[in-house]
Structure formats: C-alpha cells, structure tokens
Amino acid sequence: MQFIITDGWGARSRAIHLSGARLVLAMCAASVVLMLVAAVLYHWVILKGARERWPVVGTVVRFVVQDEFEQRDRFMRENLDAMARRLGEIQAKMVQLEALGDRVSGLAGVNPNDLKVADARGGALVRGGSLTVEELQATLNDLEQLTGERTDLLTVMESRLFDQRVKKMMQPTQHPLNSGQAGSNFGWRIDPFTGQKALHTGLDFQADTGTSIYAAAGGVVVASEHHFAYGNMIEIDHGNDLITRYAHASKLLVKKGDLVKRGQQVALVGTTGRSTGPHLHFEVLVQGVPQDPQKFLAAGRNAQPLKPPAVAARTAVAQPAAQQQVASVTMRAGR
C-alpha cells in the first residue's frame, strides 16, 4: 500500500510505502491508542458525572453499583447458608456427644452434673485481624472433625463399660436373703445325719419358713425341681459356666427356662430334702465345681472384681486333697 502526502501548495510531496506487516502493526498501534483514549475518557466522564450528579451518568453508576452489591449479597448468602448447614450438623453431633457423655457417666457411676463446669479462660488481649470466610470454614472443619473423634471415643467407652456392667450383673455377688443367720460354711464338716466327715458344698442361711429367696445374679433358670437331697431346688445359669443353686425351698416361684433378674424373688425358704430345719442352702458352681459362695458375696460387699471363672475353678475349693472328691459328692451333699 502506498500513501502520497503533499502540502497545500502542491510544491512538495512525499510517498509512504506500507507493506502488509507494517500495515498490520500500524492498525494494532492505532487500536491500542484508541482504546486507551476511550478508557481515559470513560473513566473521566463517569467520575465527573458521578461527582456532579449528571442525570444519565448517575443512573448508570447507580445501576452498576447496585448490580455489584447484589452479586456480593448473593455470594454472602450462599456462604452463610453453607455455614448454617455445617453449624446444624455440628450442633446435632454436639447433642449426640452430650447424650453419650451422660450415658457413659451413668455407666461409670459419675454424676454428669459434676462434669459440667464452666469453661474458665483469660489472658491479655492481643488484637488480630478479622476472620476471613476461609479461616472460619477451616475452624468449622476442625470442630466437626474433633466432635466426630470424641463421639467415636465415647461410643467405644460406652460399649466397654456396658460389657463390664453386664458381666458384673451376671456374677452372684448379691445376698440371696434379706435377713437370716449364717449356718454351716463351705468346706469339710461333721455331717449332721451320719456323724462322719463330709464336704459341705455351699453356705447355709437359717431363716423362717416362707422367707423370700432372691437370685444372686441375673441368668436363666436351668432347673426347677425336687431333688432327694436338695429338696425343692432351683439352679440359675449366669453364663461363663457359672451356676448358682438354691436348695431346700418350701415353694419354687420360677420354672425352667425363665429369665430372671438380679435380686428377683425365685423361691421361699423351707426344709425339704435332706434338711434338719428351715434354711437356705446356697451353692456357686464354676464349670461344675463347687466354689466357696462367701468369696462371691464378699466381693459384692467390697465392690472388688472377681477372678475369671477359669482361675476361680482352679483355686476356690478349700482343700486341694478334696478336689477329686467334689464332683462325685456334689449331688449327694446337702444339709
């Protein structure tokens, strides 16, 4: 492309030759200059019109500002809605955490109100900047993770404490009579019928006929029958090869297969079977081997954990020399 430039008199002229590349560069430069001039003019007009409140310019400015505020408000509402949902989820977890804490405290024998103390905080004030949305969101994430971890921990603790409580409730540590004098203890004695040395496999409690007999622990009734030696007899299986026997009753109040609770009335004191007078003959058997019931009852009074059944079965019989004879005399011994 060729441009010819002449003065007004035509005395002088000048020719400018533009190739394709030069023409493109010139057009680009002109476009940039025009955009800069337009931007400067627009900015100047908008600012001057906004300051001097020109009618048209003021309307445009108000529209732009209003649209910007609406976008900002929409963004804030969306973020607030999201954080409100997160706070609702965290609140639900906190309610669950408080309920778990109350149940765990109850299982542990602690009053929940004793644990609810005011949070004491203090210290010098060192001001910092305001929380940003990102920092607030990170704080909520940390709080949600912490509540989840505490919930899982308390759930495990509740399960363990519940298992321990069930095991404790299944151990025969409650006294089978509310009142009554102690008779013959567990161990070797002179038999009141034969006058010979014999093993007494339980504890005798003297009481009036008709006195209530209570289950020493929860379990299932596996025998409710009359026995030639024990008379009217009840056996309760407490699990883990642990059985209690209540003999010489005048009346049986439960039948085989019944589920009984700890402290439930199961029979009435009597003098049936091989007996010299009204009393309760109380036995504890571990893996079929009679144990000293006094150890279990003492453990209940002292609130001390009992030995595992496997250990108790090896150590509870009074005299080691009699262990081989115990199984054979279990069903024959009585008062």
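See the structure printed just above.
All of the points below concern the structure found in this document. Note that this is a predicted model, so its numbers are computed, not measured. (Residues numbered from 1 in each chain as written. Predicted model: local features only at pLDDT ≥ 70, side-chain atom pairs only at ≥ 80, totals over all residues. Heavy atoms only, no water.)

Right, let's talk about the overall build of the protein for a bit. Helix and strand counts for the protein come out as seven helices and 14 strands. Out of the 335 residues in the protein, the part that is buried amounts to 30%. Within the protein, contacts between residues separated by at least 24 positions form 62% of all contacts whose residues are at least 6 apart in sequence. Put simply, the protein shows about 22000 Å² of open surface, and 58% of that area lies on carbon and sulfur atoms. (Helix = DSSP H or I, 4+ residues; strand = E, 2+ residues; numbered from the N terminus. Buried < 20%, exposed > 50% of the residue type's maximum accessible area, 1.4 Å probe, protein only. Contact = heavy atoms within 4.5 Å. Areas by Shrake-Rupley, 256 points an atom, 1.4 Å probe, with all protein chains shown as cover.)

Another aspect to go through is the environment of Ala217. Among the secondary structure elements, Ala217 is positioned in the loop between strand 7 (212–214) and strand 8 (219–227). A residue is classified by how much of its surface remains accessible, and Ala217, at 0% relative accessible area, is buried.

Across all of its chains, the model carries six salt bridges by this definition. As a salt-bridge pair, Lys93 and Glu144 come within 3.7 Å of each other at their nearest N and O atoms. Within this pair, whereas Lys93 is found in helix 2 (residues 55–108), its partner Glu144 is found in helix 4 (residues 133–169), the two being separated by 51 residues in sequence. The class for Lys93 is partly exposed, based on a relative accessible area of 27%. Given a relative accessible area of 18%, Glu144 falls into the buried group. Arg245 is the partner of Glu235 in a salt bridge, and the nearest nitrogen-oxygen pair spans 2.6 Å. Separated by 10 residues along the polypeptide, Glu235 in strand 9 (residues 231–237) and Arg245 in strand 10 (residues 242–252) bring together distant segments of the chain. In this structure, a network of salt bridges that share partners links the residues Glu235, Arg245 and Glu283. (Salt bridge = Lys/Arg side-chain N within 4 Å of Asp/Glu carboxyl O.)

What follows deals with the packing of aromatic side chains. Here the structure, examined in full by the defined rule, presents one aromatic pair. Both rings, one in Tyr246 and one in Phe282, keep their centres 5.4 Å apart while their planes meet at 40 degrees; by these two values the pair is tilted. With Tyr246 in strand 10 and Phe282 in strand 13 (residues 279–286), the pair connects residues that are 36 residues apart, well separated along the chain. Note on accessibility: Tyr246 and Phe282 belong to one class, buried. Its guanidinium or amino end placed over the ring of Trp188, Lys197 lies 5.2 Å from that ring's centre, counting from NZ or CZ. (Phe/Tyr/Trp six-rings, centres within 6.5 Å; stacked < 30°, edge-to-face > 60°. Lys NZ or Arg CZ within 6 Å of the ring centre and 35° of its normal.)

Moving on, we come to the side chain of Thr244. Examined against the element boundaries, Thr244 turns out to sit in strand 10. In this structure Thr244 comes out as buried when scored by relative accessible area, which is 0%. Here the side chain of Thr244 touches Tyr246 through a polar contact of 3.0 Å, side chain to side chain. (Polar contact = N/O pair within 3.5 Å; in protein donor to acceptor, adjacent residues only side chain to side chain.)

Bringing a nonpolar patch on the surface into the picture now. Residues Val32, Met35 and Leu36 make up a contiguous nonpolar surface patch of roughly 310 Å² in combined accessible area. For Met35, the position within the fold is in helix 1 (residues 20–52). Taking relative accessible area as the criterion, Met35 reaches 56% and is therefore assigned exposed. (Patch = residues over 30% accessible without salt bridge, like charges linked within 9 Å, V, L, I, M, F, W, Y side chains within 5 Å.)

In this section: the nonpolar core. Residues Ile213, Ile234, Ile236, Tyr246, Val266 and Phe282 are the most contacted members of the largest nonpolar core, which totals 24 residues. Listed by contribution, the elements that provide at least two residues to this core are strand 6 (203–206), strand 9, strand 10, strand 12 (265–269), strand 13 and helix 5 (293–302). Residue contributions to this core peak at four residues, all from strand 13. The contact partners of Ile234, leaving out residues within four places of it in the chain, are Val221, Ala223, Ser224, Thr244, Arg245, Tyr246, Leu252, Val254, Val266 and Ala267. (Core = buried A, V, L, I, M, F, W, Y, C linked by side-chain atoms within 4.5 Å.)

So, about the environment of Lys256. Looking at the element boundaries, Lys256 is found in the loop between strand 10 and strand 11 (259–260). Residue class for Lys256 comes out exposed when judged on its relative accessible area of 63%. C-alpha separation for the pair Lys256 and Glu225, spaced 31 residues apart in sequence, amounts to 8.6 Å. Those residues within four positions of Lys256 in sequence are excluded, and the remaining contacts are Val221, Val222, Ala223 and Ser224.

Within strand 9, six of the seven residues are buried, which leaves it mostly tucked inside the rest of the structure. Where strand 8 and strand 9 come together, seven bridges link them in antiparallel fashion. The residue bridging His227 from the neighbouring strand is Gly231, located in strand 9. As paired strands, strand 9 and strand 10 are joined by five bridges and run antiparallel to one another. Within strand 10, the residue paired with Glu235 across the bridge is Arg245. Taken together, strand 9 and the strand that follows it, strand 10, pair antiparallel across an intervening segment of four residues, in which Gly239 is found at a positive phi of about 85 degrees. (Pairing = 2+ DSSP bridges.)

Phi at Asn240 is positive, roughly 55 degrees, even though this residue is not glycine. Following the sequence through the fold, Asn240 ends up in the loop between strand 9 and strand 10. Positive phi outside glycine occurs at Gln287, with the angle close to 55 degrees. Among the structural elements, Gln287 can be located in the loop between strand 13 and strand 14 (289–291).

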